[in-house]
Amino acid sequence: MNIHLITIGQKMPAWVDAGFAEYAKRLPASCALKLVELPMPQRGKHAHIDQLKAKEAALIEKVIPKGALVIALDEYGQEVSTIGLSRKLSQWLEGGQDVALLVGGPDGLDGRLLQKARWTWSLSKLTFPHPLVRVIVAEQLYRAWSVLNHHPYHRS
């Protein structure tokens with residue numbers, strides 16, 4: 001199974017790339033984490049948010065692997081504990097299909113992507129900058145994997 005973290009936004013600071021890469025490399029091939037970065041449509045003073053979100057959705061839809069389980073990251077999604085996420089990860093691994101984690105641009109995901117999602121995940125009630133979300137997701141997936149595999153990384 002591959003987990004595809006599909007994000008709007010490119011050219012991240014080096015610390016973001018390094019943080020994401022550190023946790024992604026810790027995951028085994030059976031649970032590989034792959035980053036798909038998509039360009040952010042240009043925003044002007046008079047940009048229409050719904051049109052921008054629709055453009056982002058079209059970009060995202062093109063790269064969702066066929067047959068992948070779609071998970072949307074959204075501020076109104078369900079918050080889970082580390083143990084809860086490890087249960088989700090276990091289900092994904094048992095299902096055997098690829099997983100597509102979707103992260104929209106600054107205004108969130110278009111409604112049609114939220115409708116496609118089998119689960120909507122909120123990392124927190126706090127708002128995080130998009131670059132940090134990549135690192136948090138990678139770390140939390142590694143932590144969830146470590147729980148499932150009784151690895152000492154997660155000490156509850």
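Everything below is about the structure shown above.
Residues numbered from 1 in each chain as written. Predicted model: local features only at pLDDT ≥ 70, side-chain atom pairs only at ≥ 80, totals over all residues. Heavy atoms only, no water.

S.K.: Describe the packing of helix H3 (residues 82–95) against helix H5 (residues 130–148), listing the residues and the values that go with them.
M.R.: Remark: H3 packs on H5, axes separated minimally by 8 Å, with the N-to-C direction vectors making an angle of 80°. The angle between H3 and H5 places the two elements in the roughly perpendicular class. Residues Thr 82, Ile 83, Leu 85, Ser 86, Leu 89, Ser 90, Trp 92 and Leu 93 of H3 lie in contact with H5, whose contacting residues are Gln 140, Leu 141, Arg 143, Ala 144, Trp 145, Val 147 and Leu 148. Across the contact of H3 with H5, the residue classes break down as ten nonpolar, four polar and one charged. (Axes fitted to C-alpha atoms, helices over the stretch in contact; angles between N-to-C directions. Helix = DSSP H or I, 4+ residues; strand = E, 2+ residues; numbered from the N terminus. Parallel < 35°, antiparallel > 145°, perpendicular 65-115°, else oblique. Contact = heavy atoms within 4.5 Å. Nonpolar A, V, L, I, M, F, W, Y, C, P; charged D, E, K, R; others polar.)

S.K.: Can you explain the environment of Ala 72? Please cite residues and give values.
M.R.: For Ala 72, the position within the fold is in strand S3 (residues 69–78). Using a relative accessible area of 0% as the deciding quantity, one classes Ala 72 as buried. Remark: the alpha-carbon pair of Ala 72 and Glu 37, spanning 35 residues in sequence, is separated by 15 Å. If near-sequence neighbours (up to four positions away) are discounted, Ala 72 is found in contact with Leu 102, Leu 109, Leu 114, Ala 117, Trp 119, Thr 120 and Trp 121. (Buried < 20%, exposed > 50% of the residue type's maximum accessible area, 1.4 Å probe, protein only.)

S.K.: Residue-level account of the pairing of strand S4 (residues 99–103), with values.
M.R.: Across the five residues of S4, five count as buried, placing the element largely inside the fold. With burial as the criterion, each face of S4 is covered, one bearing Val 99, Leu 101 and Val 103 and the other bearing Ala 100 and Leu 102. Here strand S1 (residues 2–8) pairs with S4 via five bridges, running parallel. Looking across to S4, one finds that Ile 3 is bridged to Val 99. In terms of strand pairing, S3 meets S4 through four bridges, oriented parallel. Each residue of the ladder has a partner; that of Ala 72, found in S4, is Leu 102. Remark: the S3/H3/S4 crossover connection has right-handed handedness. (Pairing = 2+ DSSP bridges. Right-handed = clockwise from strand over helix to strand, strands pointing away.)

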